[in-house]
Amino acid sequence: MPDEFKDEDEVEDFKPLTAQQASDWRSRFPQVSVWRVVAVQAIAGVVVALLAWLVTGRAAVGWSAAYGALSVVLPAALFARGVVRQRPGGAGAAMAGIFAWELVKLVLCIAMLAAAPKLVPNLSWLALLVGLIVVMKTYWIALLVRSGVRKTEA
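Residues numbered from 1 in each chain as written. Predicted model: local features only at pLDDT ≥ 70, side-chain atom pairs only at ≥ 80, totals over all residues. Heavy atoms only, no water.

Some thoughts on the overall build of the chain
And step 1. Broken down by element type, the chain carries 6 helices and 0 strands.
And step 2. When each of the 154 residues of the chain is scored for burial, the buried share is 25%.
And step 3. Across the chain, the fraction of contacts at a sequence separation of at least 24, relative to all contacts at a separation of at least 6, is 75%.
And step 4. Per element, the accessible surface of the chain, about 11,000 Å² overall, is 68% carbon and sulfur. (Helix = DSSP H or I, 4+ residues; strand = E, 2+ residues; numbered from the N terminus. Buried < 20%, exposed > 50% of the residue type's maximum accessible area, 1.4 Å probe, protein only. Contact = heavy atoms within 4.5 Å. Areas by Shrake-Rupley, 256 points an atom, 1.4 Å probe, with all protein chains shown as cover.)

Next up, the structure:
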C-alpha cells in the first residue's frame, strides 16, 4: 500500500507483542469452546422448559418452551459442528464458511418455527418465544462466566 494511504499514527503506535506478552495474553484470555456455549444453551433450555411447566402447571406450555429452546440449540449445534470442521483454505474461505453455516443456522431455525404448530400439540407461542429468547441470549452468560479467565491486577 502506498505511504500516502497509511495513517501515520497507526504505524507509529503499532508495536507487536513479544512472545512472552503473547503467552501472557493467551493465559489471561483462553479460548472458549463453542461446545461449552451450546451445552450451556441446552441446559438453559431444559431449565426454562421445566420452569414454564412448573409455573403454569401445563405440560403443553413446558413443551412449547422446550421447542423454542430446541429451535435455537439444534441450529447452533449444527453451526458449531460445521465451523469447527472447516477445511483449511485461508481467511477468505473461513469467512465464507462461517457465513454459509450462519445461513444454514438461520434457515433451520425459521423452518423449525414454521413447523412448530404441526409438531407441538396445544402450542403456546408465548412460551415458545420465551424459550427461544432465553436460550438465544444465554451465550452471553456462557462467555461472561467462562472458567479459567484470570483477572488482571491494576
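Brief notes about helix α5 (residues 91–119)
And step 1. For α5, with 29 residues, the first-to-last C-alpha span of 40 Å sits near the 42 Å given by 1.5 Å per residue.
And step 2. At L113, α5 is deflected by roughly 25°, the largest bend along its length, and proline P117 occurs up to four residues later in sequence.
And step 3. Restricting attention to buried positions, one finds in α5 the residues G97, C109, M112 and A116. (Expected span 1.5 Å × (residues − 1). Bend = angle between axes of the 7 residues up to and from the residue.)

A short note on the packing of helix α3 (residues 34–56) against helix α4 (residues 59–84)
And step 1. Closest axis-to-axis distance for the α3/α4 pair is 7 Å, and the angle between their directions is 175°. Regarding the angle of α3 to α4, the classification is roughly antiparallel.
And step 2. Taken together, the residues of the contact of α3 with α4 sort by class into 19 nonpolar, 4 polar and 1 charged. (Axes fitted to C-alpha atoms, helices over the stretch in contact; angles between N-to-C directions. Parallel < 35°, antiparallel > 145°, perpendicular 65-115°, else oblique. Nonpolar A, V, L, I, M, F, W, Y, C, P; charged D, E, K, R; others polar.)

A look at the UniProt feature "transmembrane region" (unreviewed entry) in the chain
And step 1. Per the UniProt record, "transmembrane region" (unreviewed entry) is found at residues 34–55, 61–80, 92–117 and 123–145.
And step 2. The span residues 34–55 is 100% helix and 0% strand, and its two end C-alpha atoms sit 31 Å from each other.
And step 3. Secondary structure over residues 61–80 splits into 100% helix and 0% strand, and the C-alpha atoms at its two ends are 29 Å apart. (UniProt positions renumbered as here; feature names shortened; annotations may be inferred.)

Structural notes on unusual backbone geometry
And step 1. Unusually for a residue other than glycine, N122 sits at a positive phi of about 55°.
And step 2. Note on placement: N122 falls in the loop between α5 and α6 (125–144).
And step 3. For N122, a relative accessible area of 61% corresponds to the exposed category.

Some thoughts on the packing of aromatic side chains
And step 1. Summed over the entire model, instances satisfying the criterion amount to 0 aromatic pairs.
And step 2. The lysine or arginine in question, K105, covers the ring of F79, its NZ or CZ lying 4.9 Å from the ring centre. (Phe/Tyr/Trp six-rings, centres within 6.5 Å; stacked < 30°, edge-to-face > 60°. Lys NZ or Arg CZ within 6 Å of the ring centre and 35° of its normal.)

Section: the side chain of T138
And step 1. With respect to the helices, strands and loops of the structure, T138 is situated in helix α6.
And step 2. Once residues lying within four places of it in the same chain are set aside, the contact partners of T138 are V40, Q41 and A44.

Things to note about a nonpolar patch on the surface
And step 1. Residues I43, V47, L51 and V55 make up a contiguous nonpolar surface patch of roughly 400 Å² in combined accessible area.
And step 2. Along the chain, the position of L51 falls in helix α3. (Patch = residues over 30% accessible without salt bridge, like charges linked within 9 Å, V, L, I, M, F, W, Y side chains within 5 Å. Salt bridge = Lys/Arg side-chain N within 4 Å of Asp/Glu carboxyl O.)

Observations concerning the side chain of Q41
And step 1. Here Q41 is to be found in helix α3.
And step 2. Overall, Q41 belongs to the buried group, its relative accessible area being 5%.
And step 3. Q41 has contacts with V72, V73, A76, V135, M136, T138 and Y139, leaving out every residue within four places of it along the chain.

Here's the deal with the nonpolar core
And step 1. V38, A44, A69, V72, V73, A76, A80, C109, L132 and V135 form the largest nonpolar core, which has 10 residues in total.
And step 2. Only α3, α4 and α6 provide two or more residues apiece to this core.
And step 3. A per-element tally of this core places α4 first, with 5 residues.
And step 4. Non-local contacts of V38, meaning those with residues more than four positions away in its chain, are made with V73, A76, A77 and A80.
And step 5. Listed in part, the 6 residues of the second largest apolar core include M112, A116, L123 and L128. (Core = buried A, V, L, I, M, F, W, Y, C linked by side-chain atoms within 4.5 Å.)

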